[in-house]
Each structure stands twice: as structure tokens, then as C-alpha cells.
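Each chain, written out:
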Amino acid sequence: MIQIENTINHKRFIAVVPNIKNRWFFYQTNLNRGAYHDTDFQRDWDEMGASAFAYLVLWHKKTDDVVNMRAELKNLKAEWIEKNPSRILRSTE
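Here's what I pulled together on the structure shown here. Values in this document were obtained by computation on a predicted structure and should not be read as measured data.

A word on helix 1 (residues 20-33). Look at helix 1: 21 Å from first C-alpha to last across 14 residues, which is about the 20 Å you get at 1.5 Å a residue. Three or more residues of helix 1 are buried, namely Ile20, Trp24, Tyr27, Asn30 and Leu31. Looking down the long axis of helix 1, one finds its buried residues gathered within 140° of arc, a one-sided arrangement. Exposed side chains of helix 1 directed beyond 90 degrees from the buried face belong to Lys21, Phe25, Asn32 and Arg33. Downstream of helix 1 by a residue or two, Gly34 has a phi angle that is positive, lying close to 75°.

Laid out in C-alpha cells, this is it:
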């Protein structure tokens, strides 16, 4: 599970992803192209620039043995949100 925080307005984008290493590059690439689907996130990126955002791995779990990765990621996210409800401002499935 990752978080991208706008360090100016403190909005947080939360996502569960199978490949933590490459995900920050994926978000940066799409946001720099103006092609990210979350319009609020894209607007903040366009107005404030990349330097206003911080990428953080919130929770990492070894998933080598997971048969249904999508279900496991959703479960991890639900568990994290249950333990940290006040930290979520925006999230994706």
C-alpha cells in the first residue's frame, strides 16, 4: 500500500499496488503527461508541481504465495484503513 501526499495541502492519495518499486514512476509519468484519471490529483500536480508531493510505502507484505493478488491487495487496504481511518482523504481500489 502506498501513499502520495501533497505536502502543501496534505491531501493524501492511497492505493494498493502489486509492484511498489515501479508504481511511483508510473504515477509521475502519467501526471507529467497530464493523463492521470483523478482530476483533483492531476490539478494539484499541475498547479503545485512534482516537488509538492511525497511518495511513501505505508505497508508492505510479502505476496509471493498469494493466489488471488487482487483480493489480497483489497484485504490489505481494508485492514490498513480500519487501523488508520483518520489518515485517509482519498483512495483508489
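Tracing the chain through its elements places Gln42 in helix 2 (residues 39-48). Between the C-alpha atoms of Gln42 and Asn30, which are 12 residues apart in sequence, the distance is 9.0 Å. Setting aside residues up to four positions removed in sequence, Gln42 forms contacts with Asn30, Leu31, Gly34, Ala35 and Tyr36. One polar contact links the side chain of Gln42 to the main-chain carbonyl oxygen of Leu31, over a distance of 2.9 Å. Here the side chain of Gln42 touches Tyr36 through a polar contact of 3.0 Å, landing on its backbone nitrogen.

What follows covers helix 2. When helix 2 is considered as a whole, its buried residues turn out to be Phe41, Gln42, Asp44 and Trp45. For helix 2, the angular spread of buried residues about the axis comes to 160°, placing them on one side. Of the exposed residues in helix 2, those oriented more than 90 degrees away from the buried face are Thr39 and Glu47. Between the side-chain oxygen at the start of helix 2 and the backbone nitrogen of Asp40 there is a gap of 3.2 Å, and the oxygen is on Asp38. Just downstream of helix 2 lies Gly49, where phi reads positive at about 85°.

Residue placement: Leu58 occurs in the loop between strand 3 (53-57) and helix 3 (69-83). When its relative accessible area of 18% is taken as the criterion, Leu58 is described as buried. Linking Leu58 and Val16, residues 42 residues apart in sequence, is a C-alpha distance of 9.6 Å.

Basis of the calculations
Residues numbered from 1 in each chain as written. Predicted model: local features only at pLDDT ≥ 70, side-chain atom pairs only at ≥ 80, totals over all residues. Heavy atoms only, no water. Helix = DSSP H or I, 4+ residues; strand = E, 2+ residues; numbered from the N terminus. Expected span 1.5 Å × (residues − 1). Buried < 20%, exposed > 50% of the residue type's maximum accessible area, 1.4 Å probe, protein only. Arc of directions from axis to C-beta. Contact = heavy atoms within 4.5 Å. Polar contact = N/O pair within 3.5 Å; in protein donor to acceptor, adjacent residues only side chain to side chain.

Keep in mind these values describe shape, not function.
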